[in-house]
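Per-entry structural report
Take a look at the letters that make up each chain.
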Amino acid sequence: MQFSYTKYEKLKSRKLIKQLFEDGKAISVFPLRLIYLKKEHASNYNVQASVSVSKRNFKLAVSRNRIKRLMREVYRLNKPFLYENLENKYIFMFIYLGKKEIKFQKLDTKMKEIIKLFLKKIS
RNA sequence: CAUAAAAGUCGCCUUAUCGCUAUCCAUAACCAAUGGAUGGAGGAAAGUCCGGACACCAUAGAGAAUUGUAGCGGUUAACAGCCGUCAUCACACUUUAGUGUGAGAGGACAAGUGCAACAGAAAGCAAGUACAGGUAAUGCUGUAGUGAAAACAGGUAAACUCUACGAGGUGCAAUGUUACGUAUAUUGGAGUGUCUGCAUUAGCAGAUAAAGAGUACUCGCUCAAGUCUUCAAGGGGUGAACAGCUAAAGUUAGUUAGUAAUAGCUAAUUCAGAUAAAUGAUAAGGAUUUUCUACUUUUUGUAGAGAAUACAAAAUCCGGCUUAUAGACUUUUUUUAAAU
RNA sequence: CGGGGUGUAGCGUAGCCCGGUUAUCGCGCCACGUUUGGGACGUGGAGGCCGCAGGUUCGAAUCCUGCCACCCCGA
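Now for a description of the structure that goes with this document. (Residues numbered from 1 in each chain as written. Chains lettered and ligands numbered in written order. Predicted model: local features only at pLDDT ≥ 70, side-chain atom pairs only at ≥ 80, totals over all residues. Heavy atoms only, no water.)

Considering the nonpolar core
- Grouped together as the largest cluster of nonpolar side chains are 29 residues, with contacts concentrated most on F92, F94 and F118.
- Mapped by element, the contributors of at least two residues to this core are strand 1 (25-29), strand 2 (32-38), strand 4 (51-53), helix 2 (61-77), strand 5 (90-96) and helix 4 (104-122).
- Tallying contributions element by element places helix 4 first for this core, with 6 residues.
- With near-sequence residues (within four places) excluded, F118 lies in contact with I27, L34, Y36, L82, L86, Y90 and F92.
- Counting 8 residues, the second largest nonpolar core, distinct from the first, contains L11, L20, L37 and M93. (Core = buried A, V, L, I, M, F, W, Y, C linked by side-chain atoms within 4.5 Å. Buried < 20%, exposed > 50% of the residue type's maximum accessible area, 1.4 Å probe, protein only. Helix = DSSP H or I, 4+ residues; strand = E, 2+ residues; numbered from the N terminus. Contact = heavy atoms within 4.5 Å.)

The following block contains the structure:
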């Protein structure tokens, strides 16, 4: 299923995440920031991705969960476009930089932009 | 009918498409993948302020220290919670003794220590103002004045303290299992004890680790109790997976006992288990509230457009407490208006 | 999951343990003096519900209880 986002394509290993933050490269389209690293990993999927929202910017667990769910949803819907143009294996971390909550449509367009920017960078 | 207060209950719904997570079933086949079925946040899940269950630590034992509670009775697994009730205090009413409403951290100052600004003669090893009375004489007696409190067994313990009762510590990142094996590992050295052999004043070699004494070590301290001790080298598994983990002081309904908290009985029922952390996203329609415009004689109502639908996310599990909360509903009481 | 600390004037602080005058000090601010003017200096002054709400007490920044905000630590 091409729109899926199961637990096997989530980035979970602490080691990988540590390495990602140390060696990874970053691009950003406000309010999103993408940190990526070309890396062989055990998953069957080409990309292991994860999302993050700062506790400093959003104090309530409810609003943090809301934004993380929106980010996962947007990533999930735009995944086919990403996979069409991808050959190697990568690990991703999306970080939300904004301090206010965001509408779905706006986040959707931002996600499309940042994926285009990413594909342009690696090609 | 409206209004306010108190107590309690509920706290958005439906459909479609695309997804997430757990369990089960199917595809020969563990994992993966695909398909199907079923379940999937709260009244506070929050704050982490109390109390337990459960687990380990050193048997969980005594004492000091520390700390908590504090009328009486009940309730409970337990509590600083809850229920009932009394002293006391505040307000209202009648009236000088009651009634109603609300509050109610309330043991001891008749053991010791401390503290008391200003005022006042005096605020505690004492001393003694004014007026009156009284005496042989004297603060000997009464009243006044100051003050929150004035010679009275003075006041003050949400001052130290004392009394009674209670509390061992650490927390599910507890704890256990899996991996070739292990963390008190393994290797080397030193000390102590025991055993064996050689030797027989001494000592040497090998093996081994708790039966006695001593030393040393072990809870924050002391005792009791327990354990061979110590130095150096050595750094992987891993902050992996699985168990613990959700059937319980359960939930719902009825009924009996009790003023009540609560307890008993009967029937039905199985109801989240994630881990960079699932329970969602989008679209359409509906419901409730509300703003504007138009229609309507007014109230009411109708139509159209717009806005809002709170507080807030399980993380080992329960019982409370506290705090946040759009809107809707129920009951009781107060006040106002109308009718009889 | 558990533990600790701090909120006092615009800023930085003392006082809190052990309750009692008008709440301390420095910088900053205002006025006046000095100077041709400014700075520096001198003199005087203003500015505080002591984080919020209850309670104990005659009296609370201080004691007790409950909240709020910020900071730090451990596994």
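Describing the packing of helix 2 against helix 4
- As a packed pair, helix 2 and helix 4 sit with axes 10 Å apart at the nearest point and diverge in direction by 50°. Classified by the angle between their axes, helix 2 and helix 4 sit oblique to one another. In the crossing of helix 2 with helix 4, the sense of the turn from one axis to the other is right-handed. Contacts from L70, M71, E73, V74, Y75 and L77 in helix 2 reach F104, L107, D108 and M111 in helix 4.
- Partitioned by chemical class, the residues of the contact of helix 2 with helix 4 number 8 nonpolar, no polar and 2 charged. (Axes fitted to C-alpha atoms, helices over the stretch in contact; angles between N-to-C directions. Parallel < 35°, antiparallel > 145°, perpendicular 65-115°, else oblique. Left-handed = near helix turned anticlockwise from the far one by under 90°. Nonpolar A, V, L, I, M, F, W, Y, C, P; charged D, E, K, R; others polar.)

Focus on the pairing of strand 5
- Most of strand 5 sits out of view: 7 of its 7 residues are buried.
- Side chains Y90, F92, F94 and Y96 project from strand 5 onto one buried face, and the interleaved I91, M93 and I95 project onto a second face that is buried too.
- Pairing analysis gives 7 bridges linking strand 2 to strand 5, with the strands arranged antiparallel. Each residue of the ladder has a partner; that of I35, found in strand 5, is M93.
- Here 3 bridges tie strand 4 to strand 5, and the two strands are oriented parallel to one another. Directly across from S52, in strand 5, lies its bridge partner I95. (Pairing = 2+ DSSP bridges.)

Geometric values such as these leave the question of function open.
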